[in-house]
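Chains, contacts and geometry: an overview
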Amino acid sequence: GAAAGAERSVDAYRWSNFSHNGAGLILLLMSLFALAGFFAGGSWGRHWPLGFVALAGFVYLRAAANEGAWPFGATPLGAIDAEGIQHRIAAVLVLGLGLLEWRARARPDARGGLAYVFPSLTAAGGILLLAHSHAAFQLKSSFLVQVTHSTMGAFAALMVTARWLELGLGAPWRRVAGIAAGASMLAIALVLVFYREAN
């Protein structure tokens, strides 16, 4: 935690880039798997949400490495700061979200409320990304970070719309909507893979 207004270190920028890029690679594999399933017409493609298990593991391991906690050290849970607790909560939420969406897709003919959890939470995340703003008259580097967040928010809105259409439409438009949702997820993954913060 740097003091307010203090310049971040080069290592802090690199760590942030690594975090975004690593998450992007996992999301890239998930989206390619989902799209391959749609194009191949195989039911195996609906298991792409299990990739969130890997993403949750990445979020946890990234936080643990930053704090020297298990498996990278012996820092006790009580000594972890608020940011570390937030990362652990995020890892649990990502894990739960992935398992819920996997369960909803395991039975695609069941039209219960479970299928709407993922698009609803994705919509909330997209709104947060679109509404996220840095200070007025911000530095160029902060502006570029905001642009990437807004871009991901816009693609999240497309993904949500496509997923809702996928749930409501019949064949063949259901498949088209599913491909559009997967393509939107791929676009978000690419933004994350090439994410850079300049110091």
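The sections below set out a description of the structure shown in this document. Quick caveat, the model's predicted, so the values are computed rather than measured. (Residues numbered from 1 in each chain as written. Predicted model: local features only at pLDDT ≥ 70, side-chain atom pairs only at ≥ 80, totals over all residues. Heavy atoms only, no water.)

What follows concerns the overall build of the protein. Within the protein, the secondary structure is distributed over six helices and zero strands. Element order for the protein, N to C, with α for helix and β for strand: α-α-α-α-α-α. Here the contacts in the protein between residues at least 6 apart in sequence split such that 68% fall between residues at least 24 apart. Accessible surface, the protein: about 11200 Å² in total, of which carbon and sulfur atoms supply 71%. (Helix = DSSP H or I, 4+ residues; strand = E, 2+ residues; numbered from the N terminus. Contact = heavy atoms within 4.5 Å. Areas by Shrake-Rupley, 256 points an atom, 1.4 Å probe, with all protein chains shown as cover.)

The final tally for this structure, using the stated rule, is seven aromatic pairs. Consider the rings of Phe33 and Trp44, whose centres lie 5.2 Å apart with planes at 65°: the pair is edge-to-face. Of this pair, Phe33 sits in helix α1 (residues 10-40) while Trp44 sits in the loop between α1 and α2 (51-67), and the two are eleven residues apart along the sequence. Taking the centre distance of 6.1 Å and the plane angle of 55° together, the rings of Trp48 and Phe52 count as tilted. Summarising the burial analysis for this pair, Trp48 and Phe52 share the class buried. Aromatic ring contacts, followed pair by pair, group Trp15, Phe18 and Phe58 into a single cluster. (Phe/Tyr/Trp six-rings, centres within 6.5 Å; stacked < 30°, edge-to-face > 60°. Buried < 20%, exposed > 50% of the residue type's maximum accessible area, 1.4 Å probe, protein only.)

All right, on to the packing of α1 against helix α6 (residues 173-193) then. Their axes nearest at 8 Å, the elements α1 and α6 cross at an angle of 160°. When the interaxial angle is binned, α1 and α6 end up roughly antiparallel. Judged by the sense of rotation from one axis to the other, the crossing of α1 with α6 is left-handed. Tallied by class, the residues present in the contact of α1 with α6 amount to 18 nonpolar, six polar and one charged. (Axes fitted to C-alpha atoms, helices over the stretch in contact; angles between N-to-C directions. Parallel < 35°, antiparallel > 145°, perpendicular 65-115°, else oblique. Left-handed = near helix turned anticlockwise from the far one by under 90°. Nonpolar A, V, L, I, M, F, W, Y, C, P; charged D, E, K, R; others polar.)

In this section: unusual backbone geometry. The residue after Ala171, namely Pro172, is reached through a cis peptide bond having omega 0°. With respect to the helices, strands and loops of the structure, Pro172 is situated in the loop between α5 (140-168) and α6.

This structure, assessed with the given rule, holds four salt bridges. One salt bridge in this structure joins Glu166 and Arg105, with 3.7 Å as the shortest N-O distance. Taken together, the residues span a long stretch of sequence, with Glu166 in helix α5 and Arg105 in helix α3 (residues 82-106) at a distance of 61 residues. An identical accessibility class is assigned to Glu166 and Arg105; each is buried. Residue Glu166 is joined to Arg163 by a salt bridge in which the shortest nitrogen-to-oxygen separation is 3.2 Å. Of this pair, Glu166 and Arg163 both sit in helix α5, three residues apart, roughly one helical turn. Assessed through its relative accessible area of 7%, Glu166 is described here as buried. A single salt-bridge network, built from bridges that share partners, covers Glu101, Arg105, Arg163 and Glu166. (Salt bridge = Lys/Arg side-chain N within 4 Å of Asp/Glu carboxyl O.)

This part covers empty space enclosed by the protein. Tallying each qualifying case throughout the model produces one cavity of 30 Å³ or more. Estimated volume of the largest cavity: approximately 80 Å³. If you trace the largest cavity, you find it lined by Ala34, Phe38, Trp48, Arg105, Phe118, Met159, Arg163, Glu166, Gly178, Ala181, Gly182 and Met185. Put simply, the parts of the chain that give the lining of the largest cavity at least two residues each are α1, α5 and α6. Per element, the largest residue contribution to the lining of the largest cavity is four residues, and it comes from α6. Taken together, the residues of the lining of the largest cavity sort by class into seven nonpolar, two polar and three charged. (1 Å grid on protein atoms, 1.4 Å probe; cavity = no way out; pocket = protein on both sides within 12 Å on 5 of 7 lines; lining within 4 Å. Points joined across faces, edges and corners; volume = space filled by probe spheres on them.)

With that settled, the discussion passes to α2. In this model, α2 (17 residues) spans 25 Å end to end at C-alpha, consistent with the 24 Å of a helix rising 1.5 Å per residue. Those residues of α2 lying buried are Gly51, Phe52, Leu55, Ala56, Phe58, Val59, Arg62, Ala63, Ala64 and Glu67. Where α2 is buried, its residues meet α1, α3 and α4 (117-131). Immediately downstream of α2, the backbone of Gly68 shows phi near 75°, a positive value. (Expected span 1.5 Å × (residues − 1).)

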